[in-house]
Amino acid sequence: MILSLLEYRPRHGYEIGQLIEVRSHGTVRFNVASLYPLLYRLEKRNWIRGRWIEKAGQRRRRYYRLTGVGKSVCAAEADRLANLVQITRANLLLGPA
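Overview of the structure.

Parameters at a glance
Residues numbered from 1 in each chain as written. Predicted model: local features only at pLDDT ≥ 70, side-chain atom pairs only at ≥ 80, totals over all residues. Heavy atoms only, no water. Buried < 20%, exposed > 50% of the residue type's maximum accessible area, 1.4 Å probe, protein only. Helix = DSSP H or I, 4+ residues; strand = E, 2+ residues; numbered from the N terminus. Contact = heavy atoms within 4.5 Å. Polar contact = N/O pair within 3.5 Å; in protein donor to acceptor, adjacent residues only side chain to side chain.

This part takes up helix α2 (residues 13-23). Regarding α2, the residues found buried are G13, E15, I16, G17, L19 and I20. Elements in contact with the buried residues of α2: α1 (2-5), β1 (11-12), α3 (32-44) and β3 (61-66). At the exit of α2 stands H25, carrying a positive phi of roughly 55°.

Okay, here's the thing in structure tokens:
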């Protein structure tokens, strides 16, 4: 989810957490204690890169963007998810074996 949210533009951690909560209709929620360590792990794997940005009148925020490796991982995960959905739909249509 995080990688797909960074696919088109950089975002800061709070925005990432909020978008995941909204788009999952509250099913998935991250608190600070779990989201930021996850972002740091993704950064350590070189899937995302963070950069501190300061804007006048606002707090300093760390914006994350996908790296080339992250784009590849995101595409592979999207394919895996699409295959899973296809298999699940096929099994639902066919019923029990």
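Next comes the rest of the write-up.
Right, let's get into the environment of W47. With respect to the secondary-structure elements, W47 resides in the loop between α3 and β2 (48-53). Taking the relative accessible area as the measure of exposure, W47 reaches 22% and is therefore partly exposed. Residue contacts for W47: discarding those within four places in its chain leaves L3, L42, R65, L66, T67, V69, G70 and V73.

Among the secondary structure elements, T67 is positioned in the loop between β3 and α4 (68-94). T67 gets classed as buried once you look at its relative accessible area, which sits at 5%. Polar contacts involving the side chain of T67 include one to the main-chain carbonyl oxygen of N46, which spans 2.5 Å. Those residues in contact with T67 that lie beyond four places of it in its chain are N46, W47, I48 and R49.

It is worth stressing that arrangement in space is one thing and function is another; only the former is reported here.
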